[in-house]
Amino acid sequence: LVFVLACQLGLTLGVALTLATLGVLLRDLSNLVPAVLMALVLTSPVLYPLSNVPELLRDLFWLNPLTAFAEAYHILLLTNNVPGLWHGAGMLAWAGGALLTGRWVYGHVAGDLPDLI
């Protein structure tokens, strides 16, 4: 559970850093974010197990960053088992990618932020 929470924290921090930095540059981004987040939540298996998704669409669902986390929580909390290595690798990849993206975006814009605010 600690690993899943740490990965989720990394994903959240990376996405927040990216969106906060881009939000200064693109003021209309604040109107787009709620719609994108709602779409991500509705297309991730939060309220239903991934096994209920048709076979043809399951691989597509793994492109959603919330799927790995939702499945890991399902496995941990509902079946009292440990998620597999692929779940951990997926969560770590999404968290690391989000943190690296956030750091990259902030690094490229940090010098201009005081002038833009």
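Notes on the structure follow. Per-chain numbering applies: the sequence of each chain, read as written, is numbered from 1 onward. pLDDT decides what is reported in this predicted model: residues at 70 or higher carry local features, side-chain atom pairs at 80 or more are listed and counted, and totals for whole chains, interfaces and linings draw on all residues regardless. Hydrogens and water molecules were not included; the side-chain quantities draw on all heavy atoms of the structure.

A closer look at the overall build of the protein
Turning to step 1, where the next piece is worked out: From N to C terminus, the protein includes six helices and zero strands.
Turning to step 2, where the next piece is worked out: Listing every helix and strand of the protein by position from the N terminus yields α-α-α-α-α-α.
Turning to step 3, where the next piece is worked out: Its C-alpha atoms give the protein principal-axis dimensions of roughly 50 × 25 × 20 Å.
Turning to step 4, where the next piece is worked out: Each residue gets one of three labels from its accessible area relative to the maximum for its type: buried under 20%, exposed over 50%, partly exposed in between, using a 1.4 Å probe on protein chains only. The buried share of the protein, taken over its 117 residues, is 30%.
Turning to step 5, where the next piece is worked out: Taking all contacts inside the protein whose residues are at least 6 apart in sequence as the whole, residues at least 24 apart take part in 63%.
Turning to step 6, where the next piece is worked out: Carbon and sulfur atoms make up 73% of the accessible area of the protein, which amounts to about 7,900 Å² in all. Where helices and strands are cited, they refer to DSSP runs of H or I of at least four residues and of E of at least two residues respectively, numbered from the N terminus. By definition, residues are in contact when any of their heavy atoms lie within 4.5 Å. The Shrake-Rupley method, run with a 1.4 Å probe, gives the accessible areas here. Residue values count only the displayed protein chains as cover.

Notes on helix 1 (residues 2-25)
Turning to step 1, where the next piece is worked out: Here, expected helix span is obtained from the residue count minus one, scaled by 1.5 Å. Over its 24 residues, helix 1 runs 35 Å from end to end, which matches the ideal 34 Å to within 8%, given 1.5 Å per residue.
Turning to step 2, where the next piece is worked out: Regarding helix 1, the residues found buried are V4, C7, G10, L11, G14, T18, T21 and V24.

Brief notes about the pattern of salt bridges
Turning to step 1, where the next piece is worked out: The working definition used for a salt bridge is a side-chain nitrogen of Lys or Arg within 4 Å of a carboxyl oxygen of Asp or Glu. All chains considered together, the criterion is met by one salt bridge.
Turning to step 2, where the next piece is worked out: In this structure, E55 and R58 form a salt bridge, with 2.6 Å as the shortest nitrogen-oxygen distance. Note that E55 and R58 are positioned in helix 3 (residues 55-61) at a spacing of three residues, about one turn of the helix.
Turning to step 3, where the next piece is worked out: Taking relative accessible area as the criterion, E55 reaches 59% and is therefore assigned exposed.

Observations regarding unusual backbone geometry
Turning to step 1, where the next piece is worked out: The residue N80 is not glycine, and still its phi comes out positive at about 60°.
Turning to step 2, where the next piece is worked out: Owing to a relative accessible area of 67%, N80 belongs among the exposed residues under this scheme.

Section: the nonpolar core
Turning to step 1, where the next piece is worked out: In this text, buried Ala, Val, Leu, Ile, Met, Phe, Trp, Tyr and Cys residues form a nonpolar core when linked through side-chain atoms within 4.5 Å. Of all hydrophobic cores here, the largest spans ten residues; its members are V4, C7, L11, A68, F69, A72, L76, M91, A95 and A98.
Turning to step 2, where the next piece is worked out: For this core, the secondary structure elements donating two or more residues are helix 1, helix 4 (65-78) and helix 5 (85-109).
Turning to step 3, where the next piece is worked out: Setting aside chain neighbours within four positions, we find L76 in contact with L1, V4, N81 and P83.

Looking at the environment of T43
Turning to step 1, where the next piece is worked out: With respect to the helices, strands and loops of the structure, T43 is situated in the loop between helix 2 (29-42) and helix 3.
Turning to step 2, where the next piece is worked out: The sequence separation of T43 and F3 amounts to 40 residues, and the corresponding C-alpha distance is 24 Å.
Turning to step 3, where the next piece is worked out: Setting aside residues up to four positions removed in sequence, T43 forms contacts with Y48, F61 and N64.
Turning to step 4, where the next piece is worked out: A polar side-chain atom of T43 sits 3.2 Å from a polar atom in the side chain of N64. We call two N or O atoms a polar contact when they sit within 3.5 Å, provided that within protein one can donate a hydrogen and the other can accept it, with sequence-adjacent residues counted only if both atoms are side-chain atoms.

A closer look at the packing of helix 4 against helix 5
Turning to step 1, where the next piece is worked out: As a packed pair, helix 4 and helix 5 sit with axes 9 Å apart at the nearest point and diverge in direction by 140°. Looking at the two axes, helix 4 sits oblique to helix 5. The handedness of the crossing between helix 4 and helix 5 is left-handed. From helix 4, P65, A68, F69, E71, A72 and I75 reach across to helix 5, where they touch H87, G90, M91 and W94.
Turning to step 2, where the next piece is worked out: In this count, Pro and Cys sit with the nonpolar residues alongside Ala, Val, Leu, Ile, Met, Phe, Trp and Tyr, while Asp, Glu, Lys and Arg are called charged and the others, Gly among them, polar. Here the contact of helix 4 with helix 5 is composed, by residue class, of seven nonpolar, two polar and one charged. Orientation is described by lines fitted to C-alpha atoms, with helices fitted over the stretch in contact, and by angles between N-to-C directions that extend from 0 to 180 degrees. Here roughly perpendicular refers to angles of 65 to 115 degrees, roughly parallel to angles under 35, roughly antiparallel to angles over 145, and oblique to all remaining angles. Crossings are classed by handedness, with left-handed meaning an anticlockwise turn of the near helix from the far one by less than a right angle and right-handed meaning a clockwise turn.

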